[in-house]
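Structure at a glance
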Amino acid sequence: MIDYGKTFKHLREQKGISITSAANGVVSKSFLSRFERGLSDISFDKLIRLLTNINISAEEFIYLAHYREQQPLEFHYEETKDYIGPKESVKRSEKIDHYLWEYRRTKTSHDYLNYLKIKSHYDQADPLTIEERQFIYDYLFKIETWTHYELRLFMATLDSFSSDQVFLLTKQMVKNGSETIDVNWNHQADFLYIILKAALMMALAGKEKELSTLIELAQQSIHNQQYLYEKSELHFLSGLRLCLRGAVSEGRQMVRKTIQVFKTLDAPDLVTLYESYWQSFLTANPAIVKSNEFKE
């Protein structure tokens, strides 16, 4: 069990804040002392107010409490990587088996979703069934507040859905996840990643209207100058949109500029990736290749 009181005391003392100042307006000095010594529990509301008194966010506090107890919170970043190295094959097999065992043990929806998330990302030889995809779709569509868990679940399973389903779920994410987008930078980056990946799916499906909607959502979600890669991707997608609208010459020029940026940055993997996106787009939309502007 995590000793949150012990972590609170450590952080308070590290900041040079007296127990009197930390307790001010929230609890008595004696109650806070008991909490710090693990002798009393505390309500969530009061804990949040105490954290405000020592200038610590709830997210930082929970992370540090687990870190100090050597029980780091499980963070499934590896489940959303675009590439999986061969050395990870054993590890991913063990993960799938672990989550399947956990679900069979508990029979809970939460553990079933965890298993499907791992299976979808790691086990390409055994894709999600129609029933499994529908279970995830129904869960994501009905959830009223998208937290980081829902973002990661959608990221890991996005390729399993049809373009229509991805478009609807992405709009649902924006509707029900915007209130949590500023929790941290990773949350913002995942939010934007999903919108841009969904937009690429719309482009490959030749759905200009849906692509335009997602491009606008992506533009609204870029809050600062840190998203240089995302802005380049947005430029690329805007070029694809122009092509779908019939402005092939101008659209192709935007695509070429994006790829040139990656060449200038000496990023050969990105050059290869976006050239493949461009070829896939042309293959999926043969009318563009046949247009007079493309032949010029």
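See above for the structure.
One structure accompanies this document, and this report is about it.

Each value, and the rule that gives it
- Residues numbered from 1 in each chain as written.
- Predicted model: local features only at pLDDT ≥ 70, side-chain atom pairs only at ≥ 80, totals over all residues.
- Heavy atoms only, no water.
- Core = buried A, V, L, I, M, F, W, Y, C linked by side-chain atoms within 4.5 Å.
- Buried < 20%, exposed > 50% of the residue type's maximum accessible area, 1.4 Å probe, protein only.
- Helix = DSSP H or I, 4+ residues; strand = E, 2+ residues; numbered from the N terminus.
- Contact = heavy atoms within 4.5 Å.
- Axes fitted to C-alpha atoms, helices over the stretch in contact; angles between N-to-C directions.
- Parallel < 35°, antiparallel > 145°, perpendicular 65-115°, else oblique.
- Left-handed = near helix turned anticlockwise from the far one by under 90°.
- Nonpolar A, V, L, I, M, F, W, Y, C, P; charged D, E, K, R; others polar.
- Salt bridge = Lys/Arg side-chain N within 4 Å of Asp/Glu carboxyl O.

1. Quick look at the nonpolar core
Of all hydrophobic cores here, the largest spans 63 residues; its most connected members are Phe154, Leu240 and Trp278. Ranked by the residues each element gives to this core, the list is headed by helix α11 (residues 185-204), at 12 residues. Apart from the residues within four sequence positions on either side, Leu240 is in contact with Leu200, Ala203, Leu211, Val255, Trp278 and Phe281. Within the second largest apolar cluster, 18 residues are counted, among which are Val26, Phe31, Phe35 and Leu50.

2. Section: the packing of α11 against helix α13 (residues 228-244)
As a packed pair, α11 and α13 sit with axes 10 Å apart at the nearest point and diverge in direction by 25°. Between α11 and α13, the angle is such that the two are roughly parallel. Where α11 crosses over α13, the two elements pack in a sense that is left-handed. Residue-level inspection shows Leu192, Leu196, Ala199, Leu200 and Ala203 of α11 in contact with α13, the latter providing Glu230, Glu233, Leu234, Phe236, Leu237, Leu240 and Leu244. Of the residues in the contact of α11 with α13, the class split is 10 nonpolar, no polar and 2 charged.

3. Section: the pattern of salt bridges
Scanning all chains against the criterion turns up 9 salt bridges. Here Arg12 ties to Glu36 by a salt bridge, and the two come within 2.7 Å at their closest N and O atoms. Highlighted residues: Arg12 in helix α1 (residues 4-14) and Glu36 in helix α3 (residues 29-36), separated in sequence by 24 residues. Arg12 sits in the buried class, given a relative accessible area of 8%. Among the salt bridges present, the one from Asp164 reaches Lys207, with a minimum N-O distance of 2.3 Å. Placement of the pair is Asp164 in helix α10 (residues 163-177) and Lys207 in the loop between α11 and α12 (208-221), with a sequence separation of 43 residues.

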